[in-house]
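Observations on the model geometry
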Amino acid sequence: MKLKTSITSIAVGAVLIAVGLCALVESPSAAPAPSALLLNAAGATFPYPIYSKWFTEYNRLHPDIQINYQSIGSGGGIRQLQAGTVDFGASDMPLTDKMLGDFKVRVLHFPTVLGAVMPTYNIEGVNQELNFTGELLANIFLGKITKWNDPAIVDLNKDVHFPAQDIVVVHRSDGSGTTFVWTDYLSKISTEWDTKVGKNTSVNWPVGLGGKGNEGVAGLVKQTPGAIGYVELIYAIQNHLSYGRVKNQSGDFIKADLESVTAAASGVSKSMPADFRVSITNAPGKTAYPICSFTYLLIPAQIDDAVKKHAVKDFLHWMLTAGQNDAEGLSYAKLPKEVMTRELKAISQIK
Amino acid sequence: MANATVKADRARFSRRLRQFVRQLRHGDEVAHLITLLAAASIIVVTVMLVYQLYVNSSEPRHKFGFGFFLGKTWNPVSGDFGALPFIYGTVVSSALALLLAVPLGVGAAIFLSELAPARISNYLTFVIELLAAIPSVIYGLLGIFILVPVLRTVVMPFLQHTLGFLPLFQGPIYGVSMLAGGVVLAIMIVPFIISVSREVLLAVPVEQREAALGLGATKWESTWQVVVPFARAGIMASIFLALARALGETMAVTMVIGNDPKISVSLFAPAYSIAAVIANEFTEATGNLYLQALIELGLVLFLLTIVINGLARLAIIATTQKGTQTQ
């Protein structure tokens, strides 16, 4: 009995030592080579595929600089940057003045690529691309228009025969930049939406079902007769979803694609503030798609470590020039030239 | 001379023996200490957890007070947060899951331990234990692609047609709903109930069965009136284990429950659970109040689990008869 306990305690001790040894052995192998510079970044999940490609590519060109990006969501990225645990952050929406006030340091916004959001639907017997206006989308998502054969829908799509089917609204259940862009657009178009619901990464939806992620929304729409939801451009392109055209500021019905999204950014570029914090939904321009946005890198305006500062500046320069060519291959709309030139100038603000 | 060395050797030997025994006793002490530390660490972790949840939710606690428990709105834009729809969703979906899973699980456990041939019982138990190891996201995917369409096209119209006079089965049919959440949870927790209950039933002494049969009971009478009551506490324990899993389940629930924080009597309406909203909104929650409201929801889930487990323990104590074995 006693022998047994002592054996057990020895065994427990041995296991503890083994675990300790493992921890000792594991940790150095995960760290980079001693000479390499490691930059830590965290934030939005939406641009993760392109960021991860950029950081790998940049590391191949500059083996001494390694950028480690955790796609934990914009909220997490902003908090980590506030706490100073990362060198830079990433967010799908520009920070508000209040949020910037919470920072100890000044933070610069650098738009990297563009995303867009579009309505997708599943109506019995309707295979055409439908036309929508912002007003109509707001009324559907407010729960004011509840049937597909409502005159407001039929008037915009005269050649389509609509069934008298109930509309089932589907939205994102997880907090997301996609929801922010969608609600930002609806807030701009409809004062009722703005006062009743507003814009955010999650909102208090008046009606509808929540699906987790683009795949959750697309899955629910596909399965539910009469459903309408909204998904990200990249997701729609890669999964060959059909989606509707939306009327833009100049009155044209535009289908979202990489060109019409870049055109929206281009339309806003003249009126863009110096810090790039701008919403580009409902942008002017004949070919501009109205529901799109920048995604941003958040860079501290002051970086004390000279080596790090040089690396960050050099990466930004590369990302804005050579890096942009990688965007369309991954279905991200690239920045228009005007914005790119202004950003290249803004790099010098990093001190 | 030689004798003296032998004596000295013997003395040395017995001294060593005594020392060894003392060390063994020491070993006892060491084991005692290590196991004590293991037990204490659980309490320390729990206390730290609650402390962190409490401290990090100060803003909404001060702003809403107890109103947080009763608030029906969850509006991240205006900063108005209430937990009631989530508490409701969590409790009702878990209760629904238990309602479906307990008869099924206990029935299966009785069959496997009492009635099935040993070989079949062993094979089936192996399969059931495999079920318990499937990640919950898989259950969620199966739920959304297979269960929800079946519910929407077959089960829900049938229920509405036959039992539609009950408010439980009224309203539009979307598929994703409180009912779907409850069914997926039930499927997930059945393996726990079966495998623990079966072990408990098998542990009932053979003499109990023999005595019952000797008194002229049939096989079923002996099982239902002697073996099952004897194992009742253990079966209850398996149900609480399952309940704990149901209360905290996140991925599978969020994929099928519809994620709409509204309170509706109808099981066909979408709902939302505490764990699901935390997982959904935590990553993109900007602003302290919003983030801390989510953390406070974590605290609410913790309290809810304590209350429900406490009530369950009371139920056990109240119903436990003499002679019942506690597992």
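Anything mentioned here points back to the structure above.
Here we summarise the structure given alongside this text.

**Considering helix α5 (residues 118-132) of chain B**
Residue and element names in this part refer to chain B.
- Compared with an ideal rise of 1.5 Å per residue, which puts 15 residues at 21 Å, α5 spans 21 Å between its outermost C-alpha atoms and is within 8% of the ideal.
- Regarding α5, the residues found buried are Ser121, Thr125 and Ile128. In an axial view of α5, the angular spread of the buried residues amounts to 65 degrees, which keeps them on one side of the axis. Along α5, exposed side chains directed more than 90 degrees from the buried face belong to Arg119, Tyr123 and Phe126.

**A short note on a nonpolar patch on the surface**
- On the surface, a cluster of nonpolar side chains totalling about 730 Å² of accessible area is made up of Val137, Ile138, Leu141, Leu142, Phe145, Ile146, Val150, Val154 and Val155 of chain B.
- Positionally, Leu141 of chain B belongs in helix α6 (residues 136-163).

**Regarding the pattern of salt bridges**
- Scanning all chains against the criterion turns up 17 salt bridges over all chains.
- With a shortest N-O distance of 3.1 Å, Glu129 of chain A and Arg245 of chain A are connected by a salt bridge. Here the residue Glu129 of chain A occupies a position in the loop between β4 (107-122) and β5 (131-132), and Arg245 of chain A occupies one in strand β9 (residues 245-247), the gap between them amounting to 116 residues.
- The class for Glu129 of chain A is partly exposed, based on a relative accessible area of 30%.
- Taking the shortest distance from any N to any O, the salt bridge between Glu114 of chain B and Arg209 of chain B comes out at 2.8 Å. Here Arg209 of chain B lies in helix α8 (residues 206-214) and Glu114 of chain B lies in helix α4 (residues 84-115), a separation of 95 residues in the sequence. With respect to class, Glu114 of chain B is no different from Arg209 of chain B; both count as buried.
- Look at the salt bridges and you will find they share partners, linking Asp97, Asp275 and Arg277 of chain A into a network.

**Details of the sheet that holds β4 of chain A**
Residue and element names in this part refer to chain A.
- Spatially, eight strands are ordered β2-β1-β3-β11-β4-β8-β6-β7 in an open sheet, and the strand pairing comes out mixed. Each edge of the sheet is formed by a strand with only one pairing partner; in this case those strands are β2 (65-70) and β7 (209-211). Direction aside, neighbouring strands of the sheet carry axes that sit 25 degrees apart on average.
- Both strand β1 (residues 37-43) and β2 contribute to a ladder of six bridges, which runs parallel. Within the sheet, the bridge partner assigned to Asn40 lies in β2 and is Asn68.
- Against the sheet, helix α3 (residues 74-83) engages β1, β2, β3 (88-91), β4 and β11 (292-300), with an angle of about 155 degrees to β3.

**Some thoughts on the interface of chain B and chain A**
- At the junction of the two partners, chain B supplies 38 residues and chain A supplies 41 residues.
- Where chain B abuts chain A, roughly 2900 Å² becomes buried across the two surfaces, and 55% of that area is made up of carbon and sulfur atoms.
- Across the chain B-chain A interface, the total number found is zero salt bridges.
- Between chain B and chain A we count 18 residue pairs in polar contact (both at pLDDT 80 or more) in total.

**Details of the packing of α8 of chain B against helix α9 (residues 219-230) of chain B**
Residue and element names in this part refer to chain B.
- α9 packs onto α8 with a crossing angle of 140 degrees between their chain directions and a minimal axis gap of 9 Å. One finds that α8 runs oblique with respect to α9. By crossing handedness, the relation of α8 to α9 is classed as right-handed. The segment α8 lies against α9, with Gln208, Arg209, Ala212 and Leu213 engaging Lys219, Ser222, Val226, Val227 and Phe230.
- For the contact of α8 with α9, the class distribution of residues is five nonpolar, two polar and two charged.

**Description of the pairing of β11 of chain A**
Residues and elements named next belong to chain A.
- Counting buried positions along β11 yields nine of nine residues, so the element is predominantly enclosed.
- What you see with β11 is no split at all: Cys292, Phe294, Tyr296, Leu298 and Pro300 on one side and Ser293, Thr295, Leu297 and Ile299 on the other are buried throughout.
- Direction of pairing for β3 relative to β11: antiparallel, over a ladder of three bridges. Paired with Ser91 across the two strands is Tyr296, which belongs to β11.
- Judged from the nine bridges that link them, β4 and β11 form a sheet pairing that is antiparallel. What sits directly across from Leu108, in β11, is Ile299.

Each value, and the rule that gives it
- Residues numbered from 1 in each chain as written.
- Chains lettered and ligands numbered in written order.
- Predicted model: local features only at pLDDT ≥ 70, side-chain atom pairs only at ≥ 80, totals over all residues.
- Heavy atoms only, no water.
- Helix = DSSP H or I, 4+ residues; strand = E, 2+ residues; numbered from the N terminus.
- Expected span 1.5 Å × (residues − 1).
- Buried < 20%, exposed > 50% of the residue type's maximum accessible area, 1.4 Å probe, protein only.
- Arc of directions from axis to C-beta.
- Patch = residues over 30% accessible without salt bridge, like charges linked within 9 Å, V, L, I, M, F, W, Y side chains within 5 Å.
- Areas by Shrake-Rupley, 256 points an atom, 1.4 Å probe, with all protein chains shown as cover.
- Salt bridge = Lys/Arg side-chain N within 4 Å of Asp/Glu carboxyl O.
- Pairing = 2+ DSSP bridges.
- Axes fitted to C-alpha atoms, helices over the stretch in contact; angles between N-to-C directions.
- Contact = heavy atoms within 4.5 Å.
- Buried area = accessible area lost by both parts, 1.4 Å probe.
- Polar contact = N/O pair within 3.5 Å; in protein donor to acceptor, adjacent residues only side chain to side chain.
- Parallel < 35°, antiparallel > 145°, perpendicular 65-115°, else oblique.
- Left-handed = near helix turned anticlockwise from the far one by under 90°.
- Nonpolar A, V, L, I, M, F, W, Y, C, P; charged D, E, K, R; others polar.

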